[in-house]
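Fold and contact review
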Amino acid sequence: MKTIDFFREKDLYGRDARLLSEWERIDEYCNRSEDVFYTIRKTTPHGLPILYEIEYNLHSFCGVNPPDSQGLRTPLYADKFLMNIYIPHDYPNINSNLDFRFLQKDINHNDIPHPWHPNIKYGGDFAGRVCLSRDLYGSYTGLATYIERVYEYLTFESYHAIEVQPFPEDLEVAKWVREQGEPQGWIRKLQEYHKKQN
């Protein structure tokens, strides 16, 4: 596989220049982070990345237990999550649809946990889909910024669980956050855990 340095020596234009810029920013962000890593899973014919697998090695919710005798659904936890970023052929056009999606199976088709968060779809056909409003960030927002935003999702530094615009991606998770996660202190404990780690 060709390296970043190989492309830095080339005169790139248009989409190729943007793909290299995104690669450089992702590489820089992940090199600074102790918890986030990336793997290139697919490239253009020239060798520039168009599919990234982002590995988040951090403690977060990955589901909830069935209701106990009091109706409480206590959280389940995992320490590793994998997310794909797919860059479509028309990127970086303003209407191109970047796809951010947490995986439910690893490269060997083994089941893996995916996040329990109101801004990430938990179940159904779109399980793992991450809500990252480009309207809020603008079409020129770099992918590394989105990767950092998802990190904030997993630490629950950032979440939107109220049913007002922009609506939560998963209404069931949002309801749990409002009715149990916050009142029982589970959200706060997760936030405090990550503050102590930093």
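Before reading further, recall that the structure is shown in the block above.
I will try to describe carefully the structure that is included in this document.

About the thresholds
- Residues numbered from 1 in each chain as written.
- Predicted model: local features only at pLDDT ≥ 70, side-chain atom pairs only at ≥ 80, totals over all residues.
- Heavy atoms only, no water.
- Helix = DSSP H or I, 4+ residues; strand = E, 2+ residues; numbered from the N terminus.
- Buried < 20%, exposed > 50% of the residue type's maximum accessible area, 1.4 Å probe, protein only.
- Expected span 1.5 Å × (residues − 1).
- Arc of directions from axis to C-beta.
- Contact = heavy atoms within 4.5 Å.
- Core = buried A, V, L, I, M, F, W, Y, C linked by side-chain atoms within 4.5 Å.
- Pairing = 2+ DSSP bridges.
- Axes fitted to C-alpha atoms, helices over the stretch in contact; angles between N-to-C directions.
- Salt bridge = Lys/Arg side-chain N within 4 Å of Asp/Glu carboxyl O.

This part takes up unusual backbone geometry. Excluding glycine, a negative phi dihedral is what most residues carry, and trans is how most peptide bonds are arranged. Residues Tyr 91 and Pro 92 are joined by a peptide bond in cis, for which omega reads 15°. Along the chain, the position of Pro 92 falls in the loop between strand 5 (81-86) and strand 6 (99-102). Omega for the bond connecting Gln 165 with Pro 166 falls within 30 degrees of zero, at -10°, which places this linkage in the cis form. For Pro 166, the location among the structural elements is in the loop between helix 4 (143-154) and helix 5 (171-181). One non-glycine residue, His 109, lies in the positive phi region at around 70°. Residue position: His 109 is located in the loop between strand 6 and helix 3 (134-137). With relative accessibility at 62%, the residue His 109 sits in the exposed group.

Turning next to helix 6 (residues 186-197). With 12 residues, helix 6 extends 17 Å from end C-alpha to end C-alpha; this agrees with the ideal 16 Å at 1.5 Å per step. Along helix 6, the residues that are buried comprise Trp 186, Ile 187, Leu 190 and His 194. Considered in projection along helix 6, the buried side chains sweep an arc of 110° and stay on one side of the axis. Pointing more than 90 degrees away from the buried face of helix 6 are the exposed residues Lys 195 and Lys 196. Against the buried residues of helix 6 lie strand 3 (60-64), strand 4 (75-78), helix 4 and helix 5.

Before going further, it helps to examine the nonpolar core. The biggest cluster of nonpolar side chains holds 37 residues, and the ones touching the most others in it are Tyr 52, Tyr 56, Met 83, Phe 100, Phe 102, Val 130 and Leu 143. Put simply, the parts of the chain that give this core at least two residues each are helix 1 (4-8), helix 2 (14-32), strand 1 (36-43), strand 2 (49-56), strand 5, strand 6 and helix 4. For this core, the element with the highest residue contribution is helix 4, accounting for 8 residues. Not counting residues within four places of it along the chain, the set of residues in contact with Tyr 56 comprises Asp 35, Val 36, Asp 79, Lys 80, Phe 81, Met 83, Phe 102, Ile 147, Val 150, Tyr 151 and Leu 154.

The next thing to look at is the sheet that holds strand 6. Pairing between the strands of a sheet comes from backbone hydrogen bonds, and it takes one of two forms, parallel or antiparallel. With antiparallel pairing, the 4 strands of this open sheet are ordered in space as 1-2-5-6. Each edge of the open sheet is held by one strand with a lone partner, namely strand 1 and strand 6. Along the sheet, successive strands turn relative to each other by an average axial angle of 20°, direction set aside. Inspection of the sheet shows strand 1 paired to strand 2 by 7 bridges, in the antiparallel sense. In the sheet register, Val 36 faces strand 2, and the bridge partner there is Tyr 56. In the packing of helix 4 onto the sheet, contacts are made with strand 1, strand 2, strand 5 and strand 6, and the angle to strand 2 comes to roughly 25°.

With that settled, the discussion passes to the pattern of salt bridges. Applying the stated criterion to the full structure yields 12 salt bridges. Where Asp 111 meets Lys 105, a salt bridge forms, and the shortest distance between an N and an O atom there is 2.4 Å. Linking Arg 129 and Glu 169 is a salt bridge whose minimum nitrogen-to-oxygen distance equals 2.6 Å. In this pair, Arg 129 sits in the loop between strand 6 and helix 3 while Glu 169 sits in the loop between helix 4 and helix 5, placing the two residues 40 residues apart along the sequence. When its relative accessible area of 30% is taken as the criterion, Arg 129 is described as partly exposed. Through salt bridges that share partners, Asp 5, Arg 8 and Glu 24 make up one connected network.

So yeah, pure geometry; function would need other evidence.
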